[in-house]
Number of protein chains: 2
Amino acid sequence: MELDLRFNKNASETLQEQAFEQIRSHILSGRLRPGMSLPPTRQLAEQLNISRNTISLAYDRLAAEGYIESRGRAGTFVSRALPDESLSADVRSGSTNGPKLDLPSPLLCFSGHPPSVTRPDVANPIIDFWIGRSDPDSFPVDTWRRLLLRKISAAGPNLTEYGDPAGLSDLRIALASHLGRTRGMLVSPEQIIVTSGSQDGLNLICRLLNTQHHPFFIENPCYQGAAFLFRSMGASLHPIPVDQNGFVVEMLPRDTGGVVFVTPSHQYPTGTTLSLERRLQLLKWANDTNSIIIEDDYDCHFRYDGRPVTALAGLDNGQRVFYLGTFSKSLGAGLRVGFAVVPQGLADPARIVKSQMNHGQAWLEQAVLAEFIESGLYDRHLRRARKLYKSRRDCLLASLGRYFGSTEITGAEAGLHVVWRLPPGSPDARVVQQRARLRGVGVYGLDSGAAYDFDGTSNRDSLVLGYSSIQEKSIETAICRLHELLHDMRREFTPYAVFPRQQSA
Amino acid sequence: MELDLRFNKNASETLQEQAFEQIRSHILSGRLRPGMSLPPTRQLAEQLNISRNTISLAYDRLAAEGYIESRGRAGTFVSRALPDESLSADVRSGSTNGPKLDLPSPLLCFSGHPPSVTRPDVANPIIDFWIGRSDPDSFPVDTWRRLLLRKISAAGPNLTEYGDPAGLSDLRIALASHLGRTRGMLVSPEQIIVTSGSQDGLNLICRLLNTQHHPFFIENPCYQGAAFLFRSMGASLHPIPVDQNGFVVEMLPRDTGGVVFVTPSHQYPTGTTLSLERRLQLLKWANDTNSIIIEDDYDCHFRYDGRPVTALAGLDNGQRVFYLGTFSKSLGAGLRVGFAVVPQGLADPARIVKSQMNHGQAWLEQAVLAEFIESGLYDRHLRRARKLYKSRRDCLLASLGRYFGSTEITGAEAGLHVVWRLPPGSPDARVVQQRARLRGVGVYGLDSGAAYDFDGTSNRDSLVLGYSSIQEKSIETAICRLHELLHDMRREFTPYAVFPRQQSA
């Protein structure tokens, strides 16, 4: 028989690879059927005008992988062991229609701009109030490089061996001490599970809890990453409103326990701080109803007036609060390091669940971070960042005051963003978001800004403004542009009421 | 009133911190009740013989956190806003008795020695045949350092901003090309989701699939990390036997589809390679029954006689095979990088599920790895490692042959471990494991070695021997010691049958 092989001498694959691929393809497609003979290498080489060695090597590989078999002097044949029926036509023609998949709802979270919004154009960057970003210019890159070099030089088998899935021991020790100093938490290193960030930690907790069998009480509005995860795990969600003192604990049912998810330091998205009174009420309720609390402390280190309030996990003393921390806001999201603190007695189960999920984070990042914390460099970094972000917050508040007069702002005393209620008579926040982008300013309605509102009411009149990675001059420019935009939009949307004369011109 | 405060001048906390903590503790324990007055700062400072400023600062912090309130000239009082009832006694006395937790079964996997086995003593190291380890001395540490420095110098905002949860684009492009070259897979970068290793990828796939509604067909014996994960997700497991050609496809039901989990390159633990014939049968079965295949290709790069066999995902052409890859065996487990390849059309859902699980891996590792692959350094590393591991395998086989004569070994043609059936008359593998350790040799029965046997039959007579990180001289020494051990144990266990004379001495 003759084999129809075509070679492309300019292709990146060698002639031998091309021969292998084409013969294999003939076999899989059924053109060469089991038991059929192949031409001798010499004959095929002559026919194709290429080296016999090329064909021999291709045949060798086909034989090694089981596609063809040599029967000595009888020649070379397509393996009889292969299924006689052609396979590939079936497999390759149809689209995937396997078992029904659980396709998830789209998820917005800190890790991405909403899909409808294009990424910033590098040549013409926008001033972007995207949320939860640490300042790129403040990353301690020289220190980090120095520590990286030191650690990799002494790495030994740490680069090749598996570590503890619960995290590097040095890092957990450093974290336990840091949490004691800064969050009032008395925890042992064993209670700390290093994760790739809060979301990974939240998954860990959900898998420890029996998500389908307890009601989940969650802030309204809340962080999308939490709400969508709980929902995907089959939890029943019960929204609890948030006011100026945070989560309204009184709205919890008196007699039913469950799991509570809260962001007490700086409620996401409203930015309120859960008052001490409410914290103690919440702990008492949890105790009375035998409930579990998940405390997501995502940007706890940035409180501009006074010190951070002691964490729920510090007041509870390690009994029924699961605590989530992250370095994504305080240092850099590109490091992908966070941690969960589990109640005393759950350290071993948590470690086992972690090893079912994944075998932990990169050794190098953990080793560098451990020394960064232990040496006091992290505390110094936090002090500097706090000062910088406070200036930017002050600048944002001053700019909003200058251009818009008295404004309704929440969440300014802490964190990396505020929520600004648009002035009365402004268009829908989602329209402002779209139009601002055309003028080079990135602002986000609550639903675009990784927040979820169970009622959908707060989405339309407020913007989240993340200010931590924008320089003061740009903040001023952006607020000025927003003022112009709202002025122009008001003309456009209410032509006869506010500016009747200009409209007729 | 007088406050009972005790200071430790040698403690690491400042006097101010100690004062804060102790007063806070009095309030939380109910000794200081809401509305009670606190002594004036001057009086307390005199009483305690410390600076008044120290007490003032502690009071300021207590007030800032809401524990106490100043009422001007009337003095300072415990906040009335706090719940009157003492909280902490309840919270701190009881042990955790929250909602019932789903406590998992212990899990053994590549990431850890079994808990019953102590870690190697550094001063007196054992020769350890633990499985799945890449050679520490072969890690390209100088190249890695150079690439780390290059990447961090050009990091820009990559250290502080969130990246794509599906992984760094450069790495996914490099991987797509590498998979085409080495595994015969035609995949687009969008189909690749970077993970922290195979286990993370397996979780991703389980969450895309409706695990509770399909039967899971799994190799028997199999990898514990997979079996225990599937079980924890509520899947019903159906073990399918493994013979010398791998997974026995004919044992799958003719008429029922589901999800199949296989390790075709080097079955874990037996080490057999799934024959091409079976591969095509399996794909045809999957097509006929509308099933999904999960292919875990954990140590595919190490085939010592001939080239690696084309992956199932390469034969399937991206329709119904989910593929799992990892750098843990080929480069180093401390990097924590692996990947999943999902069928065409599932790239977007997979990215969304990934962002629900976690927001991806560290930027630096991904960036370095992308360049390492793209520049051809990874291919060169693999060639060197393959040569090294082949020598070690040859040495192991030769040593076993020399000391034990004809031996039953499976899995030698590929991978990083073999399974050795103990000579007839040997004690239980678990006893050998314990006793060998006392003689400085780490060997593992199948159930200790991250394998799971549904019948429990293969656990007792075989050991897994991971040879990739042990130097040849040590391999010889270890096998010699094992020979002595088995000789001695035979004397001990069958005193009159084999060595009746020595026993009486």
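Each residue is numbered by its place in its chain's sequence as written, counting from 1. For this description, chains carry letters from A and ligands carry numbers from 1, given in the order in which they are written. For a predicted model such as this one, the threshold for reporting local features is a pLDDT of at least 70, and the threshold for listing and counting side-chain atom pairs is 80 or more; totals across whole chains, interfaces and linings nevertheless cover every residue. With hydrogens and water set aside, each side-chain value is computed from the structure's full complement of heavy atoms.

## Quick word on the overall build of chain A
Put simply, DSSP marks the helices as runs of H or I at least four residues long and the strands as runs of E at least two long, and each gets a number from the N terminus on. Helix and strand counts for chain A stand at 17 helices and 19 strands. Contacts: residue pairs with any heavy atoms within 4.5 Å of one another. Sequence separation of at least 24 residues holds for 73% of the intrachain contacts in chain A that already meet a minimum separation of 6.

## What about helix H15 (residues 429-438) of chain B?
Residue and element names in this part refer to chain B. Residues Ala 429, Val 432, Gln 433, Ala 436 and Arg 437 constitute the buried set of H15. Across the axial projection of H15, the buried residues extend over an arc of 130°, all falling on one side. Exposed positions of H15 whose direction lies more than 90 degrees from the buried face are Gln 434 and Leu 438. Its side-chain oxygen at 2.8 Å from the backbone nitrogen of Arg 430, Asp 428 defines the N-terminal cap of H15. Once H15 finishes, Gly 440 follows within two positions and takes phi at roughly 85°, a positive value. Categorising residues by exposure relies on relative accessible area from a 1.4 Å probe, with only protein chains included: less than 20% of the type maximum marks a residue as buried, more than 50% marks it as exposed, and the intermediate range marks it as partly exposed. When we speak of the arc, we mean the arc of directions from the helix axis to the C-beta atoms. Contacts described as polar in this section are N or O atom pairs within 3.5 Å, which, within protein, must combine one atom able to donate a hydrogen with one able to accept it, while residues neighboring in sequence count only if both atoms come from side chains.

## Remarks on the confidence of the model for chain A
All names here are of chain A. Averaged over chain A, the pLDDT score is 85; the fraction of residues at 70 or greater is 87%. Per residue, pLDDT measures the predictor's confidence, with a range of 0 to 100. By mean pLDDT, the top-scoring element of chain A is strand E13 (residues 338-341) (98), and the lowest-scoring one is helix H4 (residues 88-93) (36). Across residues 86-120, confidence stays below pLDDT 50; counting only partners more than four residues off in sequence or on other chains, it has 103 contacts. As scored by the predictor, the complex reaches a pTM of 0.83 and an ipTM of 0.83.

## Quick notes on the packing of aromatic side chains
Under the pairing criterion, centres of Phe, Tyr and Trp rings, with the six-membered ring standing for Trp, must be within 6.5 Å; the plane angle then separates stacked pairs below 30 degrees from edge-to-face pairs above 60, leaving the rest tilted. Tallied over the full model, the rule gives 34 aromatic pairs over all chains. When the centroid spacing of 5.4 Å and the interplanar angle of 70° are considered together, the rings of Phe228(B) and Tyr452(B) count as edge-to-face. Here Phe228(B), found in helix H8 (residues 224-232), pairs with Tyr452(B), found in strand E18 (residues 451-452); they are 224 residues apart in sequence, far enough to count as distant. Through successive ring pairs, a cluster of aromatic residues spans Phe139(A), Trp144(A), Tyr323(A), Phe327(A), Phe339(A), Phe372(A) and Tyr378(A). For a ring to carry a charge above it, either NZ of a lysine or CZ of an arginine must fall within 6 Å of the ring centroid while also lying within 35 degrees of the normal to the ring plane. Over the ring of Phe20(A) we find Arg61(A); its NZ or CZ atom is 3.7 Å from the centre of that ring.

## Considering unusual backbone geometry
For the bond running from Asn220(A) to Pro221(A), omega is 0°, close enough to zero to count as cis. Counting through the fold element by element, Pro221(A) comes out in the loop between strand E6 (215-220) and strand E7 (222-223). Going from Tyr268(B) to Pro269(B), the amide bond is cis rather than trans, its omega being 5°. With a phi angle near 60°, Asn290(B) is a residue other than glycine that sits in the positive phi range. Secondary-structure assignment places Asn290(B) in the loop between helix H9 (276-289) and strand E11 (292-296). Phi at Ala450(B) is positive, roughly 65°, even though this residue is not glycine. With respect to the helices and strands, Ala450(B) occurs in the loop between strand E17 (444-445) and E18.

## Topic: the domain arrangement of chain A
An automatic or database domain assignment is the source of the domain bounds shown. The domains assigned to chain A are domain 1 (15-94), domain 2 (127-138 + 380-496) and domain 3 (141-377). Summarising the inter-unit geometry, the C-alpha centres of domain 1 of chain A and domain 2 of chain A are found 65 Å apart.

## Describing the side chain of Asn220(B)
All names here are of chain B. Looking at the element boundaries, Asn 220 is found in strand E6 (residues 215-220). Within the structure, Asn 220 has its side chain in polar contact with the side chain of Asp 455 (distance 3.0 Å). Those residues within four positions of Asn 220 in sequence are excluded, and the remaining contacts are Pro 239, Ile 240, Pro 241, Val 242, Tyr 452, Asp 453, Phe 454 and Asp 455.

## Focus on the environment of Arg133(A)
Positionally, Arg133(A) belongs in the loop between strand E4 (127-128) and helix H5 (141-153). When near neighbours in sequence (up to four residues on either side) are disregarded, Arg133(A) contacts Asp128(A), Leu416(A), Ser468(A), Ser469(A) and Glu161(B). Side-chain polar atoms of Arg133(A) contact the backbone oxygen of Asp128(A), separated by 3.1 Å.

## Here we look at the sheet that holds strand E3 (residues 76-78) of chain B
Residue and element names in this part refer to chain B. When DSSP finds two or more bridges between a pair of strands, those strands are recorded as paired. Pairing in this open sheet of three strands is antiparallel, and the strands run E1-E3-E2 from one edge to the other. The open sheet terminates on both sides in strands that have one partner only, identified here as strand E1 (37-38) and strand E2 (68-70). One ladder, built from three bridges, connects E2 with E3; its direction is antiparallel. Its bridge partner being in E3, Ile 68 is matched across the sheet by Val 78.

## Some remarks on the sheet that holds strand E19 (residues 462-466) of chain B
All names here are of chain B. What the four strands build is an open sheet, ordered E14-E15-E19-E17; its pairing is antiparallel. With partners counted over all chains shown, the strands left at the sheet margins are strand E14 (408-410) and E17, one partner each. Bridge count between E14 and strand E15 (residues 417-421): three bridges; the pairing is antiparallel. Across the sheet, Thr 410 pairs through a bridge with Val 419, a residue of E15.

## A few points about the side chain of Arg392(B)
All names here are of chain B. Along the polypeptide, Arg 392 turns up in helix H14 (residues 377-404). Take Arg 392: its relative accessible area is 6%, and that puts it in the buried class. Residue contacts for Arg 392: discarding those within four places in its chain leaves Asp 135, Tyr 467, Ser 468, Ser 469, Ile 470, Gln 471, Glu 472 and Ile 475.

## Side note on the nonpolar core
To define a nonpolar core, start from buried Ala, Val, Leu, Ile, Met, Phe, Trp, Tyr and Cys residues and group those joined through side-chain atoms within 4.5 Å. With 216 residues, the main nonpolar core has Phe129(A), Trp144(A), Leu282(A), Phe129(B), Trp144(B) and Leu282(B) as its most contacted residues. The contact partners of Trp144(B), leaving out residues within four places of it in the chain, are Ile152(A), Phe139(B), Leu331(B), Leu335(B), Val368(B), Leu369(B) and Phe372(B).

## Concerning the packing of helix H1 (residues 15-29) of chain A against helix H3 (residues 52-64) of chain A
Residue and element names in this part refer to chain A. Axis lines are fitted to C-alpha atoms, over the contacting stretch for helices. Their N-to-C directions set the angle, which ranges from 0 to 180 degrees. Relative orientation of the contacting elements H1 and H3 amounts to 50°, with a least axis distance of 8 Å. When the interaxial angle is binned, H1 and H3 end up oblique. Relative to H3, the crossing made by H1 is right-handed. Contacts from Leu 15, Gln 16, Glu 17, Ala 19, Phe 20, Ile 23 and Arg 24 in H1 reach Thr 54, Ile 55, Leu 57, Ala 58, Tyr 59, Arg 61 and Leu 62 in H3. Amino acids outside the nonpolar list (Ala, Val, Leu, Ile, Met, Phe, Trp, Tyr, Cys, Pro) and the charged list (Asp, Glu, Lys, Arg) are all regarded as polar, and Gly is one of them. For the contact of H1 with H3, the class distribution of residues is nine nonpolar, two polar and three charged. Any angle that falls under 35 degrees is termed roughly parallel, while one over 145 is termed roughly antiparallel, one within 65 to 115 roughly perpendicular, and all others oblique. In a left-handed crossing the near helix is turned counterclockwise from the far helix by less than a right angle, and in a right-handed crossing that turn is clockwise.

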